Amino acid sequence: MLNPSSKKRLLAVLVLCFLVQSIFVYRDDVDLELSMEAIEGRQIYHESACQVCHQLWGQGGFLGPDLTNAASRVDETRLVSLLTVGSGQMPAFNFNSRQIDQMKAFLNEIDRPDIGRGELRMGDPSTGTSLQEAFESAIIDLVLPTNAAAGFETFRTGLCKACHFPFQTSIVGAPDLSTTVERLSEPELVEVLTSGKPDTGMPQPVPELLPSQVDDLIAYFFWLNGHRGALEDDTRARQVDRNVNWRLLPWWEYR
Ligand code: HEC
Ligand code: HEC
C-alpha cells in the first residue's frame, strides 16, 4: 500500500504530467484551412443537409455515423456508392463525379487528428467563479508594486497555480503561498524556487526561473501576505455561487 505522502507525491507527478502534456499539445490554436475544392464540398454538405443525419466533431444528427474521420474508414468505391445510390437509410443523392470529388476533399481535409479533439476546461465559462479565477480577478483590480506585479504574472502564467490554491493547502499538499513568508526565510524561498522540493511534491520549476523572476515572486509573496485578509474576503465575495453545481465541474469541449 502507498502511504499518504507517497500518494500525494504520485498525485503531484500526475498533475504535472497532465499539465506539461497539455501545454505542449494545446499550445497552438489550429485553424482549419480548407482548399477551394473542400469548401465547395462543405457547401454541398450543408445544402444537402447531411448534418441532419451525421455529426462532425460530435455535432449533428444521429441517424448516421459521425463523419469527422470517415475519410480514413470509407474507401473510394463505397463513398461513390453512398453518394450516388445511398445505402439503407442513407438516401440516394445521385451526385456527379465533380460533386463526389468535392465531398471527398472536404471529408479528407477535416479528417485530421490534430483538430476536433477534446479539451478539458474547468470553471464557469461565462463569469469565472472558480476559486482561482475569483482570486486572480481580485488581484487584477488592485495596484501592485511593479516587482510584485511581475511575480504575480510569473505565478499566474506558470504551472504554479495548478498545484497552489489560494488560502488553502491543495489536494496535492501544495501550501497556501499567502503565508509562505511567515514560514520560510528569503534564502529558503530562493532555494525552493530554484531547486524545488522534488521529494515532497514541489517540482523544480521548468523552465528554470531567472534570478529576477525569483526576486519578483518573493516580492509577490510578501505583498500577498500583507494583503491576505482583505484579498481573501474579496475572493470569497467574487465567488457568487460557491455550491457545487454542474458549471463548476470539468467538462469536455470540442473546437
Ligand atoms: C436521412 C439520413 C442521412 C442523410 C441525410 C445522409 N446520410 Fe450519410 N448515412 C446515413 C446512414 C444511416 C448511414 C449508414 C449507412 C450504412 O451503413 O448502410 C450513412 C453513411 C454515410 C457514410 C459512411 C460512413 C461510414 O463510416 O461508414 C458517409 C461517408 C455518408 N453517409 C456521407 C453522407 C453525406 C456526405 C451526406 C450528405 C450529402 C449524407 N451522408 C446524408 C444517413 C444519412
Ligand atoms: C506539481 C505541483 C506543484 C507545482 C506545479 C508547484 N508547486 Fe510549489 N509546492 C508544491 C508542494 C507539494 C509544496 C510543499 C513542499 C514541501 O513543503 O515539502 C510546494 C512548496 C512551495 C513553496 C514553499 C511553500 C512553503 O510555505 O513551504 C513555494 C514558495 C512554492 N512551492 C512556490 C511555487 C511556485 C512559484 C511554483 C511555480 C513556478 C510552484 N510552486 C509550482 C507543489 C507544487
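Residues numbered from 1 in each chain as written. Chains lettered and ligands numbered in written order. Predicted model: local features only at pLDDT ≥ 70, side-chain atom pairs only at ≥ 80, totals over all residues. Heavy atoms only, no water.

Let's talk about the packing of aromatic side chains
Move 1: Tallying each qualifying case throughout the model produces 7 aromatic pairs.
Move 2: Taking 5.6 Å as the distance between ring centres and 40° as the angle between the ring planes, the aromatic pair formed by Phe152 and Tyr220 counts as tilted. Here the residue Phe152 occupies a position in helix H7 (residues 146–157), and Tyr220 occupies one in helix H11 (residues 211–226), the gap between them amounting to 68 residues. Of the two residues, Phe152 and Tyr220, both sit in the buried class.
Move 3: Ring geometry for Tyr220 versus Trp223: centroids 6.5 Å apart, planes at 20°, classification stacked. Taken together, the positions of Tyr220 and Trp223, both in helix H11 and 3 residues apart, correspond to about one turn of that helix. Comparing Tyr220 with Trp223 shows no difference in burial state: the two are buried. (Phe/Tyr/Trp six-rings, centres within 6.5 Å; stacked < 30°, edge-to-face > 60°. Helix = DSSP H or I, 4+ residues; strand = E, 2+ residues; numbered from the N terminus. Buried < 20%, exposed > 50% of the residue type's maximum accessible area, 1.4 Å probe, protein only.)

What to know about the site of ligand 1
Move 1: Taken together, 22 residues are adjacent to ligand 1, and Cys50, Cys53, His54, Ser87 and Met90 come closest.
Move 2: Interatomic distance of 2.8 Å between a side-chain N/O atom of Arg73 and an oxygen atom of ligand 1.
Move 3: Residue Arg78 places a side-chain N or O atom 2.8 Å away from an oxygen atom belonging to ligand 1.
Move 4: Top contributing element to the shell around ligand 1 by residue count: helix H4 (residues 76–84), with 4 residues. (Near = heavy atom within 4 Å. Polar contact = N/O pair within 3.5 Å; in protein donor to acceptor, adjacent residues only side chain to side chain.)

Examining the coordination of the iron atom of ligand 1
Move 1: Donor atoms from the polypeptide that bind the iron atom of ligand 1 are His54 (NE2) and Met90 (SD), placed at 1.9 to 2.0 Å.
Move 2: Every donor counted, the 6 donor atoms about the iron atom of ligand 1 form angles of 88 to 177° at the centre, which fits octahedral coordination. Taken together, the residues His54 in the loop between helix H2 (36–47) and strand E1 (55–56) and Met90 in the loop between H4 and helix H5 (97–110) connect sequence positions 36 residues apart. (Donors = N, O, S within 2.8 Å, 3.2 Å for Na, K, Ca; no water. Tetrahedral: all angles 85-135°; square planar, octahedral: opposite > 155°, others 65-115°.)

So, the coordination of the iron atom of ligand 2
Move 1: Looking at the iron atom of ligand 2, one finds its protein donor set to be His164 (NE2) and Met202 (SD), positioned 2.0 Å from the metal centre.
Move 2: Classification of the site at the iron atom of ligand 2 rests on its 6 donor atoms, whose angles at the metal span 89 to 179°, yielding the label octahedral. Separated by 38 residues along the polypeptide, His164 in the loop between helix H8 (160–163) and helix H9 (180–183) and Met202 in the loop between helix H10 (186–195) and H11 bring together distant segments of the chain.
Move 3: A relative accessible area of 11% places His164 in the buried class.

Section: the side chain of Thr179
Move 1: Within the fold, Thr179 resides in the loop between H8 and H9.
Move 2: Here Thr179 falls in the buried class, since its relative accessible area comes to 14%.
Move 3: Within polar-contact distance, the side chain of Thr179 engages the side chain of Arg183 at 3.0 Å.
Move 4: Once residues lying within four places of it in the same chain are set aside, the contact partners of Thr179 are Asn225 and Arg228. (Contact = heavy atoms within 4.5 Å.)

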